[in-house]
Amino acid sequence: MGTPLIPLPDEQCDIVAKLEFCNPTGSSKDRSALWILEQAIGRGEIARDTTVVESSSGNFALALAFYCRMLGISFIPVIDPNCNEATEAQLRLLCEHVEKVTQRDAAGGYLRSRLSRVQELLVEHDSAYWPNQYANPDARDAHYRFTGGELIAQAGPLDYLFVGVGTGGTIAGLSHRIKEASPECVVVAVDAEGSVIFGGPPKKRRIPGIGSSIVPPLCGEALIDEVEIVAESRAVEACGDLAAAYGLYAGGSTGSTYAAIQDYFARRRPAARRPRVAFIAADRGHAYAQTVYNPVWQQQLRAEAVQPSDIEPLAVN
């Protein structure tokens with residue numbers, strides 16, 4: 001399941017992008033979905049009559065739907081209104097049943113609502129399995145073993161690694177593997193404005209795949225040196241830049257990560273030598289055609305950004 005690494009010419013540093021959107025279902029979530037299922041089957045936690053139930057904003061659900069279909073296992077994804085139309089249509093094609101929550105949680109997102117519905121579904125089904133991508137160590141291990149192993153072999157020593165954070169599995173696995181090979185590498189976690197992962201105030205978010213309204217347990221296992229918070233409007237701008245400069249039609253979390261790189265080095269004086277920087281292009285832009293790449297949606301996003309938020313902070317246990 002190897003994915004390519006490509007250089008992106010830049011004035012400030014030597015940037016390489018690992019194109020995780022070249023995985024079979026189009027995102028980095030293939031790594032964790034397949035490994036979680038394989039390990040659970042090996043441990044006897046999943047059998048032919050098991051129903052897999054998971055909360056996902058899109059990519060992890062797509063990956064699970066694909067691999068569960070291949071394995072002959074029933075899968076129920078729990079999605080929300082931020083799941084784009086193309087992804088929802090694909091999930092309804094691959095899955096006999098799709099659950100969609102519509103009630104926002106106290107942090108302005110839908111994650112708590114999705115997780116509550118997951119717990120109900122686990123009770124409703126006699127034999128059910130929850131992958132729990134937010135805390136499952138197999139999600140971390142998948143990126144340690146595969147994504148990280150490939151990146152080291154392809155890129156060599158790195159000075160910086162930028163990783164978008166949602167469930168925490170990618171950065172938890174990558175950070176440990178990269179620092180084993182390049183101990184001085186600075187790992188920069190990229191989060192969305194309005195996410196509570198790193199203690200910021202919660203607010204409504206529109207772009208799936210990055211940020212969270214809870215603090216995922218796997219984030220606590222990551223070796224993070226610095227954090228960059230990116231506004232969604234800036235992520236949209238960076239997606240356009242990636243397409244215009246390099247022909248990369250990437251998703252919102254990739255745009256956020258690229259924006260973080262540009263903003264991070266713009267604040268710093270030129271180094272004695274050009275730093276080597278890697279980042280993860282987590283998914284393609286096709287699923288975002290009606291949002292991130294839609295001028296009307298972009299205008300609505302900018303209008304919402306100037307409105308005061310009435311969302312209360314969410315207590316995380």
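Everything below is about the structure printed above this text.
Residues numbered from 1 in each chain as written. Predicted model: local features only at pLDDT ≥ 70, side-chain atom pairs only at ≥ 80, totals over all residues. Heavy atoms only, no water.

Explanation requested: the overall build of the protein in the structure shown.
In terms of regular secondary structure, the protein is built from nine helices and 10 strands. Against the compact-globule benchmark of 20 Å for 317 residues, the protein has a radius of gyration of 19 Å, which places it among compact chains. In terms of its C-alpha atoms, the protein occupies a principal-axis envelope of roughly 60 × 45 × 35 Å. Taking all 317 residues of the protein together, 54% fall into the buried category. Summarising the internal contacts of the protein: among those between residues at least 6 apart in sequence, 70% fall at separations of at least 24. Total accessible area on the protein stands at roughly 13700 Å², and carbon and sulfur atoms take up 51% of it. The distance from the centre of the 29 positive side-chain charges to the centre of the 38 negative ones in the protein is 3 Å. (Helix = DSSP H or I, 4+ residues; strand = E, 2+ residues; numbered from the N terminus. Rg over C-alpha atoms; globule rule 2.2 N^0.38 Å. Buried < 20%, exposed > 50% of the residue type's maximum accessible area, 1.4 Å probe, protein only. Contact = heavy atoms within 4.5 Å. Areas by Shrake-Rupley, 256 points an atom, 1.4 Å probe, with all protein chains shown as cover. Lys, Arg positive; Asp, Glu negative; His and termini not counted. Charge placed at Lys NZ, Arg CZ, Asp CG, Glu CD.)

What should I look at first to understand the pairing of strand 3 (residues 51-55) in this one?
Side-chain positions along a regular strand alternate between the two faces of the sheet. In terms of burial, strand 3 is a largely internal element, five of the five residues being buried. The alternating pattern of strand 3 places T51, V53 and S55 and V52 and E54 on opposite faces, both of which are buried. Note: strand 3 against strand 4 (residues 74-79), five bridges, orientation parallel. Among the inter-strand pairings, V52 is bridged to a residue of strand 4, identified as F75. In this view, the connection linking strand 3 to its parallel neighbour strand 4 by way of helix 2 (residues 59-71) has right-handed handedness. Across two bridges, strand 3 lies against strand 6 (residues 128-129) in parallel orientation. Bridged to T51 within strand 6 is A128. (Pairing = 2+ DSSP bridges. Right-handed = clockwise from strand over helix to strand, strands pointing away.)

Help me understand a nonpolar patch on the surface, please; the structure alone is not making it clear to me.
The grouping of I41, F66, M70 and L71 at the surface amounts to a nonpolar patch, some 340 Å² of accessible area in total. Top element by residues in the nonpolar patch is helix 2. It accounts for three residues. Along the polypeptide, F66 turns up in helix 2. F66 sits in the partly exposed class, given a relative accessible area of 31%. (Patch = residues over 30% accessible without salt bridge, like charges linked within 9 Å, V, L, I, M, F, W, Y side chains within 5 Å. Salt bridge = Lys/Arg side-chain N within 4 Å of Asp/Glu carboxyl O.)

Honestly, the packing of helix 1 (residues 29-42) against helix 5 (residues 137-155) in this entry has me stumped. Any pointers?
The relative placement of two packed helices is expressed as an angle between their axes plus a distance between the axes. Look at helix 1 against helix 5: their axes get within 8 Å of each other, and the N-to-C directions meet at 125°. In terms of orientation, helix 1 lies oblique with respect to helix 5. For helix 1 against helix 5, the interelement crossing comes out right-handed. Between helix 1, through R31, S32, W35, I36 and Q39, and helix 5, the contact on the second element is made entirely by D138, A139, D141, A142, H143, R145, F146, T147 and E150. Class assignment of the residues belonging to the contact of helix 1 with helix 5 gives a composition of five nonpolar, four polar and five charged. (Axes fitted to C-alpha atoms, helices over the stretch in contact; angles between N-to-C directions. Parallel < 35°, antiparallel > 145°, perpendicular 65-115°, else oblique. Left-handed = near helix turned anticlockwise from the far one by under 90°. Nonpolar A, V, L, I, M, F, W, Y, C, P; charged D, E, K, R; others polar.)

For this particular structure, what's the right way to read the side chain of S256?
Within the fold, S256 resides in helix 8 (residues 252-266). Excluding its chain neighbours within four sequence positions, the residues that come into contact with S256 are V190, I210, V230 and A235.

Would you explain the sheet that holds strand 10 (residues 276-281) in this entry?
Neighbouring strands of a sheet are bound in pairs by backbone hydrogen bonds; such pairs are parallel or else antiparallel. If you walk across this open sheet you meet the six strands as 1-2-10-7-8-9, and the pairing is mixed. Single-partner strands in this sheet number two, and they are strand 1 (5-8) and strand 9 (226-230). Adjacent strand axes in the sheet meet at a mean angle of 25°, parallel and antiparallel pairs treated alike. Strand direction decides the pairing type here: strand 7 (residues 160-164) and strand 10, joined by three bridges, are parallel. Within the sheet, the bridge partner assigned to Y160 lies in strand 10 and is V277. Across the sheet, helix 8 is in contact with strand 2 (14-19), strand 7, strand 8 (186-192), strand 9 and strand 10; its angle to strand 7 comes to roughly 140°.

I'm lost on the sheet that holds strand 5 (residues 99-100) in this one. Help?
As summarised here, the arrangement of the four strands in space is 5-4-3-6, forming an open sheet in which the pairing is parallel. Looking at strand neighbours, the two that pair on one side only are strand 5 and strand 6, the edges of this open sheet. Against the sheet, helix 2 touches strand 3 and strand 4, its axis set at about 170° to strand 4.

What's the story with the side chain of T170 in this structure? I'm lost.
Along the chain, T170 turns up in helix 6 (residues 169-181). Apart from residues lying up to four places away in sequence, T170 is in contact with H143 and V163.

How should I be thinking about unusual backbone geometry in this particular structure?
Among all residues save glycine, negative phi is the norm, and among peptide bonds the norm is trans. For N132, which is not glycine, the phi dihedral falls at a positive 50°. Mapping N132 onto the fold places it in the loop between strand 6 and helix 5. Here N132 falls in the buried class, since its relative accessible area comes to 18%.

How should I be thinking about the nonpolar core in this particular structure?
Side chains that are nonpolar tend, in soluble globular proteins, to be buried together. Core analysis: the biggest nonpolar cluster contains 35 residues, and I15, Y160, F162, F265, V277 and F279 have the highest contact counts within it. With six residues, helix 8 is the single largest residue contributor to this core. Not counting residues within four places of it along the chain, the set of residues in contact with Y160 comprises C185, V186, V188, Y264, F265, P275, R276, V277 and A278. Counting residues in each nonpolar core, the second largest holds 24 residues, with A40, V52, A61 and C68 among its members. (Core = buried A, V, L, I, M, F, W, Y, C linked by side-chain atoms within 4.5 Å.)

By themselves these figures say nothing about function.
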